[in-house]
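# Remarks on the overall topology
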Amino acid sequence: IFSRYEIGFNEKDSIAQVAFHKDLDKNFLVDVLNYFDNFEDINLQCFSKYSIPVLVDYLERSHRYYMDKKLPEIEQTINILTDLHREQSPSLSLIQWFFYDYKKELTKHFEMEEKMLFPYSRFLSQANCFSIPLPISLTYIKQYTVQDFIQEHADSHEDLSKIRKAILNYSPS
């Protein structure tokens with residue numbers, strides 16, 4: 001979480017101080033940290049109290065974190081394992097192929113969210129705060145709907161569930 005917000009950890013600083021200096025919502029930061037510390041027991045409804053801009057900012061930062069840091073690290077690890085052990089374990093090539101395909105789909109998913117969902121969410125947030133003429137709102141809303149997002153997101157979760165199940169059921173020789 002600190003990496004996403006470019007926070008250097010200093011034991012002397014409280015979360016409130018860090019949030020203040022980074023212009024972040026300290027309560028959101030604490031809730032996100034708690035979620036990552038205990039993700040099985042947290043009620044995700046606790047995030048409904050935060051503004052759309054705060055949530056979208058977090059998601060955008062998460063996208064950058066995965067695209068710039070985590071995915072390259074995973075890719076490097078898979079490539080090293082494949083290069084070192086290709087002869088002993090040919091299935092590593094399958095994992096490598098699977099990862100490239102997964103990365104491509106995840107990138108496409110992130111791009112869709114950044115081009116469609118995030119601007120749409122910001123628009124709805126602004127429309128809620130300011131008087132935006134109805135014709136403008138309707139034109140914008142018709143371009144992308146929450147239903148579109150739900151359908152696309154459900155497909156992603158289904159794919160991830162299949163992946164988890166395949167990994168858990170895999171028993172190498």
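Everything below is about the structure shown above.
Presented here is an overview of the structure given in this document. These figures come from a predicted structure and were not determined experimentally. (Residues numbered from 1 in each chain as written. Predicted model: local features only at pLDDT ≥ 70, side-chain atom pairs only at ≥ 80, totals over all residues. Heavy atoms only, no water.)

### Considering the overall build of the chain
Per the secondary structure count, the chain includes six helices and zero strands. Reading the helices (α) and strands (β) of the chain from amino to carboxyl end gives α-α-α-α-α-α. With 173 residues in all, the chain has 24% of them scored as buried. Long-range pairs, those at least 24 residues apart, make up 52% of the contacts in the chain with a sequence separation of at least 6. For the chain, the exposed surface amounts to about 12,600 Å²; the carbon and sulfur share of it is 57%. (Helix = DSSP H or I, 4+ residues; strand = E, 2+ residues; numbered from the N terminus. Buried < 20%, exposed > 50% of the residue type's maximum accessible area, 1.4 Å probe, protein only. Contact = heavy atoms within 4.5 Å. Areas by Shrake-Rupley, 256 points an atom, 1.4 Å probe, with all protein chains shown as cover.)

### Describing unusual backbone geometry
At Glu6, a position not held by glycine, the phi torsion is positive, near 55 degrees. Here Glu6 shows up in the segment before helix H1 (15–22). For Asp23, which is not glycine, the phi torsion reads 55 degrees and is therefore positive. For Asp23, the location among the structural elements is in the loop between H1 and helix H2 (26–37).

### A few points about the pattern of salt bridges
Evaluation of the coordinates by the stated rule reveals eight salt bridges. Lys49 serves as the salt-bridge partner of Asp31, at 3.5 Å between the closest nitrogen and oxygen. Taken together, the positions of Asp31 in helix H2 and Lys49 in the loop between H2 and helix H3 (52–85) put the pair 18 residues apart, joining distant regions of the chain. One salt bridge in this structure joins Lys69 and Glu73, with 2.5 Å as the shortest N-O distance. Separated by four residues within a single helix, Lys69 and Glu73 lie in helix H3, roughly one turn from each other. The class of Lys69 is partly exposed, set by a relative accessible area of 34%. (Salt bridge = Lys/Arg side-chain N within 4 Å of Asp/Glu carboxyl O.)

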